[in-house]
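Structural characterization, general
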Amino acid sequence: MAGKRQGAQSRLAILQAAARVIEAAGASHLTLDAVAHEAGISKGGLLYHFPSKEALLEGMLGRVVERSLQFRAEAREAAPHSTLLQRLLQARLRLYADVDDSVLLAILAAAAERPALLDGVRPEIAAALAGVQDEHADAVGALIVWLASEGLALYERLDLAAFDPALRNAIEVRLQAMAAQLAAGAGSDPEA
């Protein structure tokens, strides 16, 4: 048990070191050598946990997914009668505040080169989209709210649009209000 916990702690420390490398020097400088140096371990120690750069990127993506699921669970705990859509909106806000943009962009860039990198996250996204549709009488409206929220985040991450903070907040508030309005017609909760 202690060995598993120590292994998990080592993996997390490596993933955090990889994020620091990306934040400090950019995705193009993400190398196994740089991450090992930043983590203060040998390259062999790094390779034990992540045998390739792709495995490291998969680990980083997995960490982002874990954080998203954690934030969604916390949103459910804070508001047990909220819909999946409302929890997804809250989780995304927390995730993008928690994970540096450069890390998300590095994962996105890697996925553009190797689309299979996203294979592990596709089922989670499909389940979330199906759950949002299943819980709302207006499934299309619910999807529009979710996709608008994701589109806003993606535009910002890719630096395609810079919104004044007040306008950006107003957009988020409006999307949350729309989700609450849709919740009035929500059916059963697929995560219950």
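Rules used in this analysis
Residues numbered from 1 in each chain as written. Predicted model: local features only at pLDDT ≥ 70, side-chain atom pairs only at ≥ 80, totals over all residues. Heavy atoms only, no water. Salt bridge = Lys/Arg side-chain N within 4 Å of Asp/Glu carboxyl O. Helix = DSSP H or I, 4+ residues; strand = E, 2+ residues; numbered from the N terminus. Buried < 20%, exposed > 50% of the residue type's maximum accessible area, 1.4 Å probe, protein only. UniProt positions renumbered as here; feature names shortened; annotations may be inferred. Axes fitted to C-alpha atoms, helices over the stretch in contact; angles between N-to-C directions. Parallel < 35°, antiparallel > 145°, perpendicular 65-115°, else oblique. Left-handed = near helix turned anticlockwise from the far one by under 90°. Contact = heavy atoms within 4.5 Å. Nonpolar A, V, L, I, M, F, W, Y, C, P; charged D, E, K, R; others polar. Patch = residues over 30% accessible without salt bridge, like charges linked within 9 Å, V, L, I, M, F, W, Y side chains within 5 Å. Areas by Shrake-Rupley, 256 points an atom, 1.4 Å probe, with all protein chains shown as cover. pLDDT = per-residue confidence, 0-100.

1. Brief notes about the pattern of salt bridges
In this structure the tally under the stated criterion is 15 salt bridges. With a shortest N-O distance of 2.6 Å, Arg92 and Glu172 are connected by a salt bridge. Within this pair, whereas Arg92 is found in helix H5 (residues 84-98), its partner Glu172 is found in helix H9 (residues 165-183), the two being separated by 80 residues in sequence. Take Glu172: its relative accessible area is 3%, and that puts it in the buried class. With a closest N to O distance of 2.6 Å, Arg122 and Asp119 form a salt bridge. Look at Arg122 and you get partly exposed, because its relative accessible area is 40%.

2. Looking at the UniProt feature "domain: HTH tetR-type" (unreviewed entry) in the chain
With numbering aligned to this structure, UniProt lists the feature "domain: HTH tetR-type" (unreviewed entry) at residues 8-68. The distance from the first to the last C-alpha atom of residues 8-68 is 18 Å, and the span holds 80% helix and 0% strand.

3. Overview of the packing of helix H8 (residues 139-157) against H9
Remark: H8 packs on H9, axes separated minimally by 9 Å, with the N-to-C direction vectors making an angle of 160°. With respect to H9, the axis of H8 lies roughly antiparallel. Regarding H8 and H9, the two cross each other, and that crossing is left-handed. Residues Gly141, Ala142, Val145, Ala148, Ser149, Leu152 and Glu156 of H8 pack against Arg168, Ile171, Glu172, Leu175, Met178, Ala179 and Leu182 of H9. Looking at the contact of H8 with H9 residue by residue, the class counts come to nine nonpolar, two polar and three charged.

4. Re a nonpolar patch on the surface
On the surface, Leu108, Leu154, Tyr155, Leu158 and Leu160 cluster together to form a nonpolar patch covering roughly 460 Å² of accessible area. By the secondary structure assignment, Tyr155 is in helix H8.

5. Concerning the confidence of the model for the chain
Predicted confidence across the chain gives a mean pLDDT of 88, with 94% of residues reaching 70 or more. Confidence drops under a pLDDT of 50 for residues 187-192, and excluding neighbours within four residues, the segment shows 15 contacts in the predicted structure.

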